Amino acid sequence: MQFPQHSTKEPVPDVGRRVPREIEDEGASSADESGPLLESITLVPGEEGGLSTEILKLYDTQRATPAALNARQELIRTLTVILNEETFRWNHHHSSYAHPVLVEPFGSVRFGLSTSHSDLDLCIFDPYRPNGFDEKFFRSATDGGEALPSIYDMREIGKRLQRRGFKNVRSVPFAAVPIVKFTAELGGEVIEVDINTNERLGVLNSRLINAYCELHPLVRPLCVFIKFWAKQRELNDPGGQKGPVTFSSYTLILLVIAYLQTIEYLPNLQDPFLISSTATPRSRFWTRPRVSTRGAAKTRSIQSSTGYDVTFLEKIPANIQWTIAQDLDLAQLAKGFFRFFTTNIDPARQIVSIQHGALLDRVHPFVAIPDPPRKAPTDAKGSASAPAASPATVANVDAPPAAADDSTASTEPVSAEAVATESDEQVSPPEELSEIEQPVDELESEPAPAPTPPAPRERPAPTPPKPKKGVFGSRTSSPIGYEGFVEPASWTQKLVVQDPFLLTRNTAMNAEPWVVDELLTEMKRALNLIESGASIAEICASAKGEPGYKSLLQRRHQERKKRTNRDAKEKQKFDKVVKQADRPTKLEKTTGAVPAVAAAEESAMAKSGAEA
């Protein structure tokens, strides 16, 4: 069977929200407003079509209206004109006619999964850096290079937009991806906008997902259904605005594509053989170099720009015949999706990767970290007994040391120059390590050295001033290409969903293990309902409408409270046993005999003293 082609007729590409590297929630109907919507799409008894028809109805009702799409298109044209009329510092001659500034949307609107209430994410294209920062970078002209053009300054962009009449303008220049947030009103439509400069990975991600959606007409409806289901079951809140951090729409869409690839319903558009057979040229995008502003050894080092392979087949040529293994309807696809992630995958040992088109085995399997050891119980005399080594302590003996600050850690590779610079500024380890490695018995037998008088205190050398947060360091940075995927040691999360371009990034990294367990539990519930012939209203019923409803946050607090009470009871039992073991019996009181535990301790002490 030849793979069917499908194209949407939306007048403008639609965009997701906030962070360019991740498509967030796009304003799906809230749980409180879902009741009438579900009633309108649920089939009445005797009506033919079943769950497949209901999912198609949901897809039609969730799509953005033509008025919203036209307003977004008009806003993109307006911003393009404004940015080309404004005068920016380019450090060289610039012609807006020869090298115009373009504004491109990305996210859900780009691949046709937006609603009328979706935020609009935009990217300003630097006409002189189509591939990002692929040149050697300097901080300023005094260091041998030139400063960034002012179009990269989000505060400057915010001032220009505010003068042009946009409302609620707020610059966020020091975020991981600097953006400007503002509100626009066009044609009666209110649009919340986030805009950045030349962070094109979000655009490339959106184009890749759009290419998958174009391959089969059922991909978009299935994605909309999974997103709506997750929203109803409180599993689509990546910002943690209503409770614990759960999963983004971007992550959910990657799960759908990975499932369809596994059943050979979609190809792998990043497959090296497919790319080479179609003579598709390889392309890279180089990330923006960043300076580390934390730690004395890193204040002057720059994290080099990294070139990631962003090659994919955006359109399958006509001479390549792609066939699907079996023709399934939406109900069968939805059922297979929930069954796949509840029975066919072990998230603790496997990685979800659409870049490889298959599940990958994890080099660092997920291991549940036990609770920290509680305080050691005290005996009758009030002395604390030595606690046994906890499993966490034993398991982490060979683990690498944790970073001093997680906020400065990056998933991107660091250049050799930055690593060498940091290592030179750090204090060298002591040379006489053999003394530390001597056996304890030998150290105890040696006489204690004579005390030496303290050395006079010296005035510490003045430390160089730290650069302001968000300002690039003074040292140069040469770009490096990312070659060969190596699983990061930081992938300790229970669920790993690999980004298709930033291969060292886990899009589900913020989801705690118990949130992953909730996702699998809800998937099992949905699978059971589909197998029993339930309607979409039952499958996607709001979690708030269930009897005895408790939010994820409340359930988490309840679970922690139960665990605390259980630990307290175990401690009481343990203390009681210790107390009874040290309590003298009537025979011991009359004869003066010591308890067995105390006798054993005295015997051990006498033996150690004799050996000494």
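Trainee: Before we go on, may I ask you to explain the sheet that holds strand E6 (residues 284-286) in this structure?
Mentor: Pairing between the strands of a sheet comes from backbone hydrogen bonds, and it takes one of two forms, parallel or antiparallel. Strand order in the open sheet made by the three strands is E6-E9-E12, with mixed pairing throughout. Pairing within the sheet leaves two strands with one partner each, and these edge strands are E6 and strand E12 (480-481). Pairing analysis gives two bridges linking strand E9 (residues 306-309) to E12, with the strands arranged parallel. Bridge pairing in E12 places glycine 307 opposite glycine 481.

Trainee: Before we go on, may I ask you to explain helix H4 (residues 154-163) in this structure?
Mentor: Residues three or four positions apart in an α-helix share a direction because the helix packs 3.6 residues into each turn. When H4 is considered as a whole, its buried residues turn out to be Met154, Ile157, Gly158, Arg160 and Leu161. Each buried residue of H4 sits inside an arc of 165 degrees when the element is viewed along its axis, so together they form one side. Exposed residues on H4 whose side chains face more than 90 degrees from its buried face are Gln162 and Arg163. Between a side-chain oxygen at the N-terminus of H4 and the backbone nitrogen of arginine 155 the separation is 3.1 Å; the capping residue is aspartate 153. Just downstream of H4, glycine 165 is the residue with a positive phi angle, here 100 degrees.

Trainee: Even after reading the chapter, I still don't get the side chain of asparagine 506, so can you show me in this structure?
Mentor: Tracing the chain through its elements places asparagine 506 in the loop between E12 and helix H13 (513-531). A polar side-chain atom of asparagine 506 sits 3.1 Å from the main-chain carbonyl oxygen of leucine 495. Within polar-contact distance, the side chain of asparagine 506 engages the backbone nitrogen of alanine 508 at 3.1 Å. Residues contacting asparagine 506, with those up to four places away along its chain left out, are Trp491, Gln493, Leu495, Val496 and Val497.

Trainee: Before we go on, may I ask you to explain the sheet that holds strand E1 (residues 102-106) in this structure?
Mentor: If you trace the five strands from one edge of the open sheet to the other, you get E1-E2-E5-E4-E3, paired in mixed fashion. Only two strands of the sheet have a single partner each, and these edge strands are E1 and strand E3 (167-172). Pairwise comparison of adjacent strand axes, ignoring direction, gives a mean angle of 30 degrees for this sheet. By the bridge criterion, five bridges tie strand E2 (residues 120-125) to strand E5 (residues 189-197) in an arrangement that is parallel. Looking across to E5, one finds that leucine 120 is bridged to valine 193. Where helix H3 (residues 66-85) meets the sheet, its contacts fall on E1, E2, strand E4 (179-186) and E5, and the angle it forms with E5 comes to roughly 45 degrees. Taken strand by strand, helix H5 (residues 201-215) contacts E1 and E2, and its axis lies near 50 degrees from that of E1.

Trainee: Before we go on, may I ask you to explain the packing of aromatic side chains in this structure?
Mentor: The relation between two aromatic rings is expressed through the spacing of the ring centres and the mutual angle of the planes. By the definition in use, this model includes 12 aromatic pairs. Aromatic pair phenylalanine 225 and phenylalanine 338: ring centres 6.4 Å apart, planes at 75 degrees, arrangement edge-to-face. Placement of phenylalanine 225 in helix H6 (residues 219-232) and of phenylalanine 338 in helix H9 (residues 330-343) is noted, with a sequence separation of 113 residues between them. For phenylalanine 225, a relative accessible area of 0% puts it in the buried group. With 5.9 Å between their ring centres and 45 degrees between their planes, tyrosine 259 and phenylalanine 340 make a pair best called tilted. Remark: phenylalanine 340 occurs in helix H9 and tyrosine 259 occurs in helix H7 (residues 249-262); sequence separation between them is 81 residues. Like tyrosine 259, the residue phenylalanine 340 is buried in the burial classification. Each member of the aromatic cluster is reached from another via a ring pair, and the members are Phe225, Trp229, Tyr259, Phe337, Phe338, Phe340 and Phe341. Between arginine 160 and the ring centre of phenylalanine 88, over which it is positioned, the NZ or CZ distance is 4.5 Å. Its guanidinium or amino end placed over the ring of phenylalanine 125, arginine 200 lies 3.9 Å from that ring's centre, counting from NZ or CZ.

Parameters at a glance
- Residues numbered from 1 in each chain as written.
- Predicted model: local features only at pLDDT ≥ 70, side-chain atom pairs only at ≥ 80, totals over all residues.
- Heavy atoms only, no water.
- Pairing = 2+ DSSP bridges.
- Helix = DSSP H or I, 4+ residues; strand = E, 2+ residues; numbered from the N terminus.
- Buried < 20%, exposed > 50% of the residue type's maximum accessible area, 1.4 Å probe, protein only.
- Arc of directions from axis to C-beta.
- Polar contact = N/O pair within 3.5 Å; in protein donor to acceptor, adjacent residues only side chain to side chain.
- Contact = heavy atoms within 4.5 Å.
- Axes fitted to C-alpha atoms, helices over the stretch in contact; angles between N-to-C directions.
- Phe/Tyr/Trp six-rings, centres within 6.5 Å; stacked < 30°, edge-to-face > 60°.
- Lys NZ or Arg CZ within 6 Å of the ring centre and 35° of its normal.

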